[in-house]
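Observations on the model geometry
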There are 2 protein chains.
Amino acid sequence: MEFDKFFSAAGSRLKSSKIRELMKLAGDPEIISMGGGLPDAEHFPFEEIRKIIDSWDGVKRTAALQYGATGGYGPLVEQIAEYVSASGVQTHGQAILPTTGAQQAIQLLTRVFCDPGDTVLVELPTFIGAVAVFIGYGADPVGLLMDDQGLVPGELEEKITGLREQNRSPKFLYTNPTFQNPTGITMSQSRRDEIYSLCSRYDVPIIEDDPYYELYFEGGPEDYRSLKARDKDDRVIRIGTFSKILSPGLRLGWILGPPDVVSRCELAKQSEDACSSSFSQVVAADYLAAGYVNQYTAKMRPIYSSKCRLMLDCLQKEMPEGVSWSHPAGGFFTWLTLPGHMDSEKLLLESIKHKVAFVTGSPFHVDGGGRNKLRLAFSNSSLEQIEEGVKRLAGAVRSML
Amino acid sequence: MEFDKFFSAAGSRLKSSKIRELMKLAGDPEIISMGGGLPDAEHFPFEEIRKIIDSWDGVKRTAALQYGATGGYGPLVEQIAEYVSASGVQTHGQAILPTTGAQQAIQLLTRVFCDPGDTVLVELPTFIGAVAVFIGYGADPVGLLMDDQGLVPGELEEKITGLREQNRSPKFLYTNPTFQNPTGITMSQSRRDEIYSLCSRYDVPIIEDDPYYELYFEGGPEDYRSLKARDKDDRVIRIGTFSKILSPGLRLGWILGPPDVVSRCELAKQSEDACSSSFSQVVAADYLAAGYVNQYTAKMRPIYSSKCRLMLDCLQKEMPEGVSWSHPAGGFFTWLTLPGHMDSEKLLLESIKHKVAFVTGSPFHVDGGGRNKLRLAFSNSSLEQIEEGVKRLAGAVRSML
């Protein structure tokens with residue numbers, strides 16, 4: 001039968017993104033992909049997970065295999081509260097909801113906040129996965145310029161007041177403040193103070209999506225202190241994830257925020273997947289309780305750091321004049337700016353011939369910009385792949401010049 | 001800050017259901033709950049799962065812990081196809097998408113098919129979790145009467161033609177044909193032929209949600225042959241789940257159907273949770289490949305069957321005149337009809353005083369009916385609990401008479 005006439009407006013709009021189609025071209029195993037934002041697969045804490053599972057008594061086995069409450073496995077919620085408190089975030093009076101990855105956290109919050117046509121504020125560029133959700137709900141994301149200290153306060157104020165003149169109040173500011181995806185830029189501590197104050201003055205909720213903050217190469221936790229740690233008026237909703245501190249395959253993230261917001265997310269989640277994997281939740285609770293998270297992040301920081309340093313050194317050595325890049329202090333990514341006339345989509349097609357892949361800049365930009373930008377991930381490539389990959393990419397750039 | 005003015009229309013509508021609030025009353029550990037539709041927690045195949053995890057080589061460990069494709073873990077998709085084929089369902093030319101439980105399958109399909117105001121056809125009564133999704137998308141579920149053979153073809157035809165006169169075409173028929181939740185009723189094989197023919201004649205897609213079909217106490221697979229096995233014109237979308245054949249805690253289900261439908265669900269899923277738990281998917285693929293599913297269902301059939309038989313015997317012995325119940329040939333539930341004047345919500349409050357709980361009938365009815373109905377699950381109670389629980393329930397009924 002013919003289904004076309006049965007699809008909803010949203011269902012009819014669903015189309016494979018250009019980026020997904022382009023990335024299919026990179027399926028060739030000879031291609032070195034610096035595309036996906038994947039954690040290092042060589043160092044997953046599999047033995048710790050196995051030890052955890054082996055230690056389960058009957059109660060935990062049942063908790064892991066049975067349906068759980070939509071609100072999450074109790075011991076996990078407690079462990080997350082403790083873990084988050086250790087980073088200076090006040091959890092008293094806040095609620096926590098485990099979600100099926102941070103992606104579901106963004107999705108639930110968007111469903112709870114956004115009607116079609118609503119305005120949301122995002123960084124320029126911003127996380128592709130968030131843009132897809134905002135667009136999927138018919139919201140209108142408005143982009144804010146960044147500099148090397150992150151969001152620019154003057155720009156934020158100007159955009160908010162400009163929108164107000166059009167009678168538009170943003171539903172929230174979505175920000176990825178630390179080692180941002182895709183740029184690797186970190187919002188400085190003083191900027192966080194200013195951005196928080198502005199949102200407070202203009203009464204804008206903040207969604208702080210902060211997956212990488214533990215994976216710093218420079219400084220210490222005090223340099224990456226959360227916006228939520230400044231939250232005097234209960235305005236910040238913080239999204240966390242186990243994807244970078246344990247495993248993305250377990251699909252576990254969380255929302256931490258005012259109970260009124262989190263309880264609505266929980267009700268929305270009820271009809272979306274009933275609960276997140278109980279098995280993953282019991283593993284994650286025990287992983288935090290055993291203190292494995294600190295061991296793991298302590299091990300991973302120098303690994304990611306040396307990959308990043310090598311990538312930056314190789315870019316320095318290989319790239320022709322006119323190409324520049326960000327210098328991340330942590331995380332998974334660096335962000336390249338090509339000469340103004342060069343289109344990163346065309347470069348990707350050329351790069352695939354050179355057996356190397358990346359993600360093009362446009363999909364990260366809600367304003368149609370970013371054509372001469374691209375994102376490179378150093379996180380899941382070996383040192384040899386990074387060296388060879390950057391060499392191949394430089395070759396592709398040169399052949400486009 | 002005050003969030004009320006920031007919530008979307010959908011976010012503002014979200015309220016805890018009456019049933020959830022009532023069930024909170026049943027939190028007392030002395031209460032015997034025959035409420036939730038939970039599998040038997042005493043017999044989960046934990047040792048098999050542990051054996052599977054212990055056997056993983058580096059490739060599988062990485063597949064289990066890393067991000068996966070939204071379309072699912074390849075070997076799992078293959079194993080599901082093989083498993084489903086064994087039950088007579090033609091998989092050639094069909095697509096399969098692993099989902100985060102069957103709940104997400106219902107949610108994705110509703111998103112792909114339903115705009116606010118759209119009509120969908122459901123059984124009277126039907127699965128609460130599906131009703132919540134339909135209502136959440138603003139769809140208008142229209143209920144169809146059943147008898148002890150399931151959906152009544154004359155009723156289906158009448159409803160479709162009546163709707164057509166109002167210029168309303170149903171987006172799909174949602175049915176739970178085997179050991180239905182909540183009634184335990186099974187649609188007979190000849191009824192399946194008739195229902196399929198009618199949907200074909202009037203061009204209505206069918207969503208067949210069939211979680212319990214393997215757990216029969218009478219007859220054999222040929223008595224529970226899927227609607228999808230009759231699908232000459234590619235009209236049936238079949239939802240499957242690992243919750244009843246492995247573990248609900250792994251949160252894994254699937255959609256099997258025409259590629260045009262399934263590919264849209266995959267795109268919708270991309271922004272909802274990116275992928276289902278990779279860990280769960282690798283476990284489930286190995287579980288099917290090792291043939292554990294047949295061992296498990298063979299073990300569980302007599303266990304559930306004896307629980308059901310005991311419950312029916314106890315009802316017969318304990319219940320006063322004027323109470324009747326369904327005689328399921330499999331699954332988890334029996335469905336009670338109280339005397340016409342008795343309200344099952346009031347009975348629940350009384351039952352909680354008697355230390356026993358169940359689910360009231362109204363939430364399963366999209367037409368406001370079912371006030372004198374209730375659902376009893378025998379699946380996750382011990383034989384002792386069933387005996388004692390039915391005794392307590394009968395006491396509560398008698399005190400209401």
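About the cut-offs
- Residues numbered from 1 in each chain as written.
- Chains lettered and ligands numbered in written order.
- Predicted model: local features only at pLDDT ≥ 70, side-chain atom pairs only at ≥ 80, totals over all residues.
- Heavy atoms only, no water.
- Salt bridge = Lys/Arg side-chain N within 4 Å of Asp/Glu carboxyl O.
- Helix = DSSP H or I, 4+ residues; strand = E, 2+ residues; numbered from the N terminus.
- Pairing = 2+ DSSP bridges.
- Contact = heavy atoms within 4.5 Å.
- Axes fitted to C-alpha atoms, helices over the stretch in contact; angles between N-to-C directions.
- Expected span 1.5 Å × (residues − 1).
- Buried < 20%, exposed > 50% of the residue type's maximum accessible area, 1.4 Å probe, protein only.
- Arc of directions from axis to C-beta.
- pLDDT = per-residue confidence, 0-100.
- Buried area = accessible area lost by both parts, 1.4 Å probe.
- Polar contact = N/O pair within 3.5 Å; in protein donor to acceptor, adjacent residues only side chain to side chain.
- Nonpolar A, V, L, I, M, F, W, Y, C, P; charged D, E, K, R; others polar.
- Phe/Tyr/Trp six-rings, centres within 6.5 Å; stacked < 30°, edge-to-face > 60°.
- Lys NZ or Arg CZ within 6 Å of the ring centre and 35° of its normal.
- Least-squares fit on C-alpha atoms with pLDDT ≥ 70 in both.

1. Thoughts on the pattern of salt bridges
Taken as a whole and assessed by the stated rule, the structure comprises 50 salt bridges over all chains. For the salt bridge of Arg61(A) with Glu47(B), the shortest nitrogen-to-oxygen distance reads 3.3 Å. In this pair, Arg61(A) is assigned in helix α4 (residues 58–65) and Glu47(B) in helix α3 (residues 46–54), connecting two distinct chains. Of the charged contacts in the structure, one is a salt bridge between Glu157(A) and Arg201(A), with a shortest N-O distance of 3.3 Å.

2. A closer look at the sheet that holds strand β9 (residues 253–257) of chain A
Backbone-to-backbone hydrogen bonds join strands into a sheet, with any given pair of strands oriented parallel or antiparallel. Residue and element names in this part refer to chain A. Pairing is mixed in the open sheet, where eight strands are placed in the order β2-β9-β8-β7-β6-β3-β4-β5. The two strands at the open ends of the sheet, each matched to only one other strand, are β2 (95–99) and β5 (150–151). Here strand β7 (residues 206–209) pairs with strand β8 (residues 236–241) via four bridges, running parallel. Bridge pairing in β8 places Asp209 opposite Ile239. On top of the sheet, helix α5 (residues 74–85) reaches β2 and β9; it is set at about 115° to β2, its chief contact.

3. Quick notes on helix α8 (residues 153–165) of chain A
Residue and element names in this part refer to chain A. Between its terminal C-alpha atoms α8 stretches 19 Å, which fits the 18 Å expected from 13 residues at 1.5 Å a residue. Regarding α8, the residues found buried are Pro153, Glu155, Leu156, Ile160 and Leu163. The buried residues of α8 all sit within an arc of 160° when viewed along its axis, so they share a single face. Along α8, exposed side chains directed more than 90 degrees from the buried face belong to Glu158 and Glu165.

4. Describing the sheet that holds strand β8 (residues 236–241) of chain B
Residue and element names in this part refer to chain B. Pairing is mixed in the open sheet, where eight strands are placed in the order β2-β9-β8-β7-β6-β3-β4-β5. Taken across any chain shown, the strands that pair with only one partner, and hence form the sheet edges, are β2 (95–99) and β5 (150–151). Where strand β6 (residues 173–175) and strand β7 (residues 206–209) come together, three bridges link them in parallel fashion. Directly across from Leu173, in β7, lies its bridge partner Ile206. Its contacts with the sheet put helix α8 (residues 153–165) on β3 (119–124), β4 (140–147) and β5, and the angle it makes with β4 is roughly 155°.

5. Some remarks on the confidence of the model for chain A
A low pLDDT means the predicted coordinates there should not be read in detail. Across chain A, the average pLDDT comes to 96, with 99% of residues at or above 70. The ipTM assigned to the predicted complex is 0.97, against a pTM of 0.97.

6. Overview of the interface of chain B and chain A
With 80 residues of chain B at the interface, the matching set in chain A holds 80 residues. Summing both partners gives a buried area of about 6,800 Å² for chain B against chain A, and 59% of it is carried by carbon and sulfur. The largest contributions to the chain B side of the interface with chain A come from Phe6(B), Leu65(B) and Tyr67(B), which together make up 11% of the buried area. At the junction of chain B with chain A, the criterion picks out six salt bridges. Asp203(B) is the partner of Lys5(A) in a salt bridge, and the nearest nitrogen-oxygen pair spans 3.1 Å. For the interface between chain B and chain A, the tally reads 42 residue pairs in polar contact (both at pLDDT 80 or more). For the side of chain B that touches chain A, the elements supplying multiple residues, two or more each, are α1 (9–13), α3, α4 (58–65), α6 (101–113), α7 (128–136), α10 (259–273) and α11 (278–289) of chain B. Per-element accounting of the side of chain B that touches chain A gives the leading share, 10 residues, to α10(B). Across the side of chain B that touches chain A, the residue classes break down as 35 nonpolar, 23 polar and 22 charged.

7. Description of the packing of aromatic side chains
Going through the model one piece at a time under the given rule, you end up with 41 aromatic pairs over all chains. Ring pairing ties together the aromatic residues Phe3(A), Phe6(A), Phe7(A), Phe113(B), Phe134(B), Phe172(B) and Tyr174(B), which thus form one cluster. Taking the ring centre of Tyr213(A) as reference, the NZ or CZ of Arg238(A) above it sits at 4.9 Å.

8. A word on the pairing of β2(B)
Residues and elements named next belong to chain B. Counting buried residues along β2, five of its five residues qualify, which places the element largely inside the surrounding structure. Residues Ala95, Leu97 and Thr99 line one face of β2 and the alternating positions Ile96 and Pro98 line the opposite face, and both faces are buried. Sheet analysis places β2 next to strand β9 (residues 253–257), joined by five bridges and oriented antiparallel. When the bridges of β9 are listed, Pro98 appears paired with Trp254.

9. Description of the relation of the copies chain B and chain A
For the match of chain B to chain A, the screw axis carries a shift of 0.0 Å, the RMSD comes to 0.0 Å, and the turn is 180°. Here the two chains are linked by the operation of a two-fold rotation axis. Residue Ser277(B), judged by its C-alpha, is the member of chain B lying nearest the rotation axis, at 3.7 Å. Interface overlap between copies: 100% of the residues of chain B at the interface are likewise at the interface in chain A, consistent with a symmetric, same-surface contact.

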